[in-house]
Amino acid sequence: MLQKIKNSNFVQDFLKYRYLLSEIIRRNIKVQYRDSVLGIFWTFLQPLLSTLVLVAVFSNIFHNRTEYYPIYVLCGRLLYDFYSQATKRGMRSITTAAGVIKKVYVPKYIYPLGNTLSCFVTFLISLLVLVAFMIYFIIFKGMSLTPYVLLAIVPVLILYILSFGVGMILATMSVFFKDIEYLYEVFCMLLFYMTPVFYSVETLNISNSFIKMGLMANPLYSIVNLFRFCIIGTGTWNWGWFFYSFGFAIVTVIIGGLLFRAKEDKFILHI
Amino acid sequence: MSEPVIKVENVSILFNLNKEKVDNLKEYVIKVLKRKIHFTEFWALNDVSFTVNKGERLGVLGFNGAGKSTLLKTVAGVLKPTKGSVEVQGVIAPMIELGAGFDSNYTGKENIYLYGATMGYSKKYIEERYDEIVAFSELEKFMDVPIKNYSSGMRARLGFSIATAVEPEVLILDEVLSVGDARFRAKSEKKIVDMFDKGITVLFVSHNTDQVRRICNKAIIIDKGKVIANGDVNEVCDIYDKLVSEGKK
């Protein structure tokens, strides 16, 4: 039986290299925390501190209009952090694996997949901060859980699909254009302000409907709000948000996959 | 016996050589607007065909820039041919640059697993061979030390030990028989010769015709992307030696 390298099979490759995928995920998490004195504790400290600052600064402006404001901010912050870290790691996944890709045949999609997945694992760990906050608010502030809390995994998975898609697009582009990294850094900063992390679009009283539509077109708007609904439990499950963000994520992952597949054979000539 | 293991058919590889390497979006946009993007076509390999049968050891000779490394990378599946096809039967162990898949923050032990994973082996398979790898590399004491504290010789020894711990059908050697000190070099050459006895197929790149005569039984010469000689190792090495001495004149 002659094995054709030319038409390597996606499923066969995945089965053969699934141990590599788990090694990449484990290595990223280990290396990230090994040299830090605070270790895994850093995962909790980072969102906690930034949430404290945001709450301290903005609570006077938004507090009266938003229920459980610290939880509101923390939800937004955690999801936004995951998105920006996963896409940035995904973007750098090919260029940092250049040494391996140039020497050995490895299915290249393993790298953006492994790097975004390792961010996903760290994100899941950091959710413990949210759990701690929720327990405090349930006991002392009379917040109540709804069965929807079980659905919180849905917006989280949609966000992962979106991040993986964006990660593949950025990984491909950054192989050919090194300055994509800096441009994306700027984009992420703008995205932070365009995502309702510490404010809510509804209570801002934006009169210009174009601006309002623009803010709502951001898929993170729908994802973050769905997640908050599941955690805090006020309002209703908005199917519009669900279909919009899910559709957006699927289209992104398809575009990312096609772009990546079309260009992956050229990576080695540019890294 | 004459079952083809490596089949390279009419392989050509085209590189676009750009006079000024544009690797950022800003310059690219400016140059496209000014219509200043020019590519020079360069065929690194041009219609290369050969087959290697099971158990044969093929030496690849050629001057610098002749396309030897490009050829090895194509056979290893790293580069895809622009035209033509490459077929390889069985497990390939590319030893093009030892230790390419190491993570310098990882310890020796962790790197054995990572490197094995990069080569497509399962965790169980690596576990079974772990002791053998450590014993061959003679780095027992350093398994819990991060690789960044290893010397280059230690890294190469570890890389060699992992790459040869498997039982590949095809071994690709790119001038790697110069690993570590003289004693380890002798040991690694012996290990490779042992693998020959098991009927392994080898692709060996070198400038050194003595080494090629010692290791291989067939050889090809590549020059400017084309195969200019193909046949028995001694005949081809004689041609190559003649080319070298002509070049000196």
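Residues numbered from 1 in each chain as written. Chains lettered and ligands numbered in written order. Predicted model: local features only at pLDDT ≥ 70, side-chain atom pairs only at ≥ 80, totals over all residues. Heavy atoms only, no water.

### Re the domain arrangement of chain B
Residue and element names in this part refer to chain B.
- When the domains of chain B are assigned, the result is domain 1 (4-91 + 168-248) and domain 2 (100-166).
- Using C-alpha coordinates to define each centre, domain 1 is positioned 26 Å away from domain 2.
- Taken residue by residue, the interface counts ten residues in domain 1 and twelve residues in domain 2.
- Taken over both partners, the interface formed by domain 1 and domain 2 buries close to 1,100 Å², and the fraction arising from carbon and sulfur atoms is 69%. (Domains from an automatic or database assignment. Contact = heavy atoms within 4.5 Å. Buried area = accessible area lost by both parts, 1.4 Å probe.)

### Quick look at the interface of chain B and chain A
- Facing 45 residues of chain B, the contacting portion of chain A comprises 35 residues.
- Across the interface of chain B and chain A, roughly 3,500 Å² is buried in total on both sides, 60% from carbon and sulfur atoms.
- Our enumeration of links across chain B and chain A arrives at two salt bridges.
- One salt bridge in this structure joins lysine 80 of chain B and aspartate 265 of chain A, with 3.5 Å as the shortest N-O distance. (Salt bridge = Lys/Arg side-chain N within 4 Å of Asp/Glu carboxyl O.)

### A word on the packing of helix α1 (residues 10-34) of chain A against helix α3 (residues 108-118) of chain B
- Across the interface, α1 of chain A lies against α3 of chain B with an axial gap of 8 Å and an inter-helix angle of 145°. The way α1 of chain A lies across α3 of chain B gives a crossing that is left-handed. On α3 of chain B, the residues touching Tyr17, Tyr19, Leu20, Glu23, Arg27, Lys30 and Arg34 of chain A of α1 of chain A are Glu110, Tyr113, Leu114, Ala117 and Thr118 of chain B.
- Its residues assigned to classes, the contact of α1 of chain A with α3 of chain B shows six nonpolar, one polar and five charged. (Axes fitted to C-alpha atoms, helices over the stretch in contact; angles between N-to-C directions. Helix = DSSP H or I, 4+ residues; strand = E, 2+ residues; numbered from the N terminus. Left-handed = near helix turned anticlockwise from the far one by under 90°. Nonpolar A, V, L, I, M, F, W, Y, C, P; charged D, E, K, R; others polar.)

### Quick look at the sheet that holds strand β8 (residues 218-223) of chain B
All names here are of chain B.
- The six strands lie next to each other as β5-β6-β7-β3-β8-β9, forming an open sheet whose pairing is mixed. Every interior strand has two partners, whereas the edge strands, β5 (92-95) and β9 (226-232), have only one. Within the sheet, the average angular offset between the axes of one strand and its neighbour, ignoring direction, is 15°.
- Here strand β6 (residues 170-174) runs beside strand β7 (residues 201-205); their pairing, made up of five bridges, is parallel. By the bridge assignment, aspartate 174 is partnered in β7 with valine 205. (Pairing = 2+ DSSP bridges.)

### Points about the packing of helix α4 (residues 123-137) of chain B against helix α5 (residues 152-165) of chain B
Residue and element names in this part refer to chain B.
- At their nearest, the axes of α4 and α5 sit 9 Å apart, and the two run at 140° to each other. One way to sum up the angle between α4 and α5 is to call them oblique. In the packing of α4 onto α5, the handedness of the crossing is right-handed. Counted together, Arg129, Glu132, Ile133, Phe136 and Ser137 of α4 and Arg157, Leu158, Phe160, Ser161, Ile162 and Ala165 of α5 form the full contact between these two elements.
- The residue inventory of the contact of α4 with α5, partitioned by class, reads six nonpolar, two polar and three charged. (Parallel < 35°, antiparallel > 145°, perpendicular 65-115°, else oblique.)

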